[in-house]
Amino acid sequence: MIRIGPADPVDLTEPALAALLRRRVGRSLTLREVTWSSVFRPNVRLAERYRAGRLLLCGDAAHVHTPAGAQGLNTGVQDAHNLGWKLQQVLAGADDVLLDSYEHERRPVAAQVLGRSTELYEGLRRTRPGGLTRGPDEHQLDISYFGGPLAPADGPRTATLRCGDRAPDAALPEAAGTANRLFDLFRGPHFTALAFGPRAATAVERLPWPTGGVPLRRHTVLGHTDPRTSREAALLATYGITEDTVLLVRPDGYVGQVSHVDRVSHGGAAVHVGHAGGVFTAGIGPA
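Residues numbered from 1 in each chain as written. Predicted model: local features only at pLDDT ≥ 70, side-chain atom pairs only at ≥ 80, totals over all residues. Heavy atoms only, no water.

Peer 1: Looking at this structure, how should I read the side chain of Gln140?
Peer 2: Among the secondary structure elements, Gln140 is positioned in the loop between helix H4 (136-139) and strand E5 (171-176). Of note is the side chain of Gln140, whose polar atom sits 2.8 Å from the side chain of Gln71. In terms of polar contacts, Gln140 uses its side chain to reach the side chain of Thr75, at 3.1 Å. Setting aside chain neighbours within four positions, we find Gln140 in contact with Gln71, Asn74, Thr75, Gln78, Val109 and Val113. (Helix = DSSP H or I, 4+ residues; strand = E, 2+ residues; numbered from the N terminus. Polar contact = N/O pair within 3.5 Å; in protein donor to acceptor, adjacent residues only side chain to side chain. Contact = heavy atoms within 4.5 Å.)

Printed below as a string of structure tokens:
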């Protein structure tokens, strides 16, 4: 990649490119057999809206930025994963308002990525491309939808997680079939309900869920909330579990709901699909 000025003549013939390379790096490199060349001009674009009725934009159709930081594919795939399960729910009968949450959740992420990639690209003026490093902003592991339409700020939370946060990975205390880690349980186009504690284990099996739309998979991750091994302690610490809790994890890997399980008069336990879960499934059909 050779930077050229706005007023520099553009000649992509092999002799011209070879001469330009010699001027920039000396005669230590020889250019030959050029199979492809082009002039690249960076663009930074962000769609004003991600939805207009039945039209929905994602990926490069919704946001364009410089290649610095290599964020395009990551951002586009997350767009598609966020939108995909919502489309399936609406097609199954959920309220159409669920699709509006796609723009509310993903457009701010794209705006942040555009700002960061532009910052990195401008940094190329001061350093070699090989000197650029990828940090937390480029990993995109700290994205949260907390406070958005599907993750109200006043909802229940654990000591470490809020509704809308990315559900972290952790080793399971005991292998569940072929699953050794939580990410094994999350993998696939389904919701995942995780139960921590004995009352939560009972409640998660009674959790109502419609028969249509995106399915729900229920797992008792830990039948108690007092750590007895280092692996159990690490799991409870990662998820901030201090009492019987059921966590609903969305198909795109984000916490959809946190429910602390209360005792009920008949000695059992109950947990309800609250605000967020109700939006996910409202109108799909009977459980």
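There's more to say after this.
Peer 1: What is the right way to read the environment of Phe146 from this model?
Peer 2: Looking at the secondary structure, you find Phe146 in the loop between H4 and E5. C-alpha of Phe146 to C-alpha of Asp165: the two residues are 19 residues apart in sequence and 6.2 Å apart in space. Those residues in contact with Phe146, other than ones at most four positions away along the chain, are Ala151, Pro152, Ala153, Arg157, Arg162, Cys163, Gly164 and Asp165.

Peer 1: Can you walk me through the side chain of Glu232 in this structure?
Peer 2: In this fold, Glu232 is placed in helix H7 (residues 230-239). As a buried residue without a salt bridge, Glu232 has its nearest oppositely charged side chain in Arg228, at a separation of 5.2 Å. (Buried < 20%, exposed > 50% of the residue type's maximum accessible area, 1.4 Å probe, protein only. Lys, Arg positive; Asp, Glu negative; His and termini not counted. Salt bridge = Lys/Arg side-chain N within 4 Å of Asp/Glu carboxyl O.)

Peer 1: What should I look at first to understand the packing of aromatic side chains in this one?
Peer 2: Counted under the stated rule, the structure contains eight aromatic pairs. Ring centres of Trp85 and Phe191 lie 5.3 Å apart, and the angle between their planes is 80 degrees; this geometry places the pair in the edge-to-face category. Linking Trp85 in helix H2 (residues 72-92) with Phe191 in strand E7 (residues 191-196), this pair joins segments that are 106 residues apart in sequence. A relative accessible area of 4% places Trp85 in the buried class. What makes Phe191 buried here is its relative accessible area of 0%. Taking 5.4 Å as the distance between ring centres and 85 degrees as the angle between the ring planes, the aromatic pair formed by Trp85 and Phe280 counts as edge-to-face. Remark: Phe280 occurs in helix H8 (residues 275-281) and Trp85 occurs in helix H2; sequence separation between them is 195 residues. Look at Phe280 and you get buried, because its relative accessible area is 0%. A connected cluster of aromatic rings, assembled from ring pairs, spans Trp85, Phe191, Trp209 and Phe280. (Phe/Tyr/Trp six-rings, centres within 6.5 Å; stacked < 30°, edge-to-face > 60°.)

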